[in-house]
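Observations on the model geometry
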Amino acid sequence: MEGHDISQAVIRRLPRYYRYLGELMEQGVERISSNDLSKTMKVTASQIRQDLNNFGGFGQQGYGYNVKYLYTEIGKILGLDENHNYIIIGAGNLGQALANYQSFEKRGFILKGLFDVNPALKGKTVRGIPIRMMEELKDFIQENHIEIGVLTIPKEKAVEVANLLVDNDIRAIWNFAHTDLNLPDNVIVENVHLSESLMRLSYNISRYHQEHKDR
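First, a word on what this report is: a plain description of the structure on this page. Counting restarts for each chain, with residues numbered from 1 along the sequence as it is written. Residues qualify for local features only when their pLDDT is at least 70, as the model is predicted, and side-chain atom pairs are given and counted only at 80 or more; totals for whole chains, interfaces and linings, by contrast, use all residues. With hydrogens and water excluded, all non-hydrogen atoms of the structure serve as input to the side-chain values.

1. A few points about the overall build of the chain
Every helix listed is a DSSP run of H or I at least four residues long, and every strand listed is a run of E at least two residues long, numbered separately from the N terminus. What the chain contains, in helices and strands, is 9 helices and 9 strands. Across its three principal axes, the chain shows a C-alpha extent of roughly 60 × 50 × 35 Å. Think of it in three bands: residues with accessible area under 20% of the maximum for their type are buried, residues over 50% are exposed, and the middle band is partly exposed, with areas taken using a 1.4 Å probe on protein chains only. Across the 215 residues of the chain, 40% fall into the buried class. Note on contacts: a residue pair is in contact if any heavy atoms of the two residues lie within 4.5 Å. Expressed as a percentage of contacts within the chain between residues at least 6 apart in sequence, the contacts between residues at least 24 apart total 56%. Per-residue accessibility takes into account occlusion by the displayed protein chains alone, with areas from the Shrake-Rupley method and a 1.4 Å probe. Approximately 13600 Å² of the chain is accessible, and the part contributed by carbon and sulfur atoms is 48%. Averaging the coordinates of the 25 positive side-chain charges in the chain and doing the same for the 27 negative ones gives two points 8 Å apart. Neither His nor the chain ends is counted toward charge; the positive residues are Lys and Arg and the negative residues Asp and Glu. Think of each charge as sitting on NZ of Lys, CZ of Arg, CG of Asp or CD of Glu.

In structure tokens form, the structure reads like this:
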């Protein structure tokens with residue numbers, strides 16, 4: 001893969017492959033063809049083969065894919081064979097909900113701390129992890145080798161806090177604040193806009209109602 005840029009569309013599909021293959025393993029499926037996998041994923045068999053060929057292919061003609069092997073290899077491509085320490089900034093409802101989602105740990109994402117500015121939250125715990133105040137952030141990042149910062153804070157504070165994380169050597173941010181972050185190119189940002197997802201759902205509901213109304 002050296003020197004080969006993988007499109008963002010392919011990268012977005014990789015977690016879906018990983019999830020579906022995990023479900024197939026739970027069902028006891030040992031191998032699967034690209035045609036059968038395409039029916040499950042609603043992606044063409046040709047697209048699946050093209051996607052996986054970016055990373056070496058993994059299949060055998062006439063045999064298909066070994067489910068466990070492909071699941072393991074995609075996990076490696078996604079970096080899930082390593083642990084990633086992360087912190088959550090903003091210990092409100094969303095921050096605490098993310099902290100309580102233990103499935104992240106099964107994927108190697110280890111929650112090390114939660115931070116907030118509300119003194120009423122100081123010392124409270126989520127799954128045994130205490131909520132700390134922001135003045136502890138800098139030392140905590142250095143002492144715990146934090147790789148990822150998760151922002152679940154109001155958009156008015158997001159840029160300031162993101163820059164604070166960058167200044168303390170955080171190079172990956174999962175951003176749930178309702179604003180896009182424009183940070184240095186060496187900082188990886190994944191913006192999650194829940195409201196946009198809900199609006200896409202609203203559009204599709206409206207279109208569905210219109211189509212059935214016209215019939």
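2. Remarks on helix H4 (residues 67-77)
Within the sequence span of H4, burial applies to Val67, Leu70, Tyr71, Glu73, Ile74 and Gly75. Close packing links the buried residues of H4 with helix H1 (8-26), strand S1 (31-32), helix H3 (45-53) and strand S2 (65-66). Of the residues that open H4, the one with a side-chain oxygen 3.2 Å from the backbone nitrogen of Lys68 is Asn66. Positioned one or two residues after H4, Gly79 has a phi angle of 80°, which is positive. Polar contacts here mean pairs of N or O atoms no more than 3.5 Å apart (in protein, one a potential hydrogen donor and the other a potential acceptor; neighbouring residues in sequence count only if both atoms are side-chain atoms).

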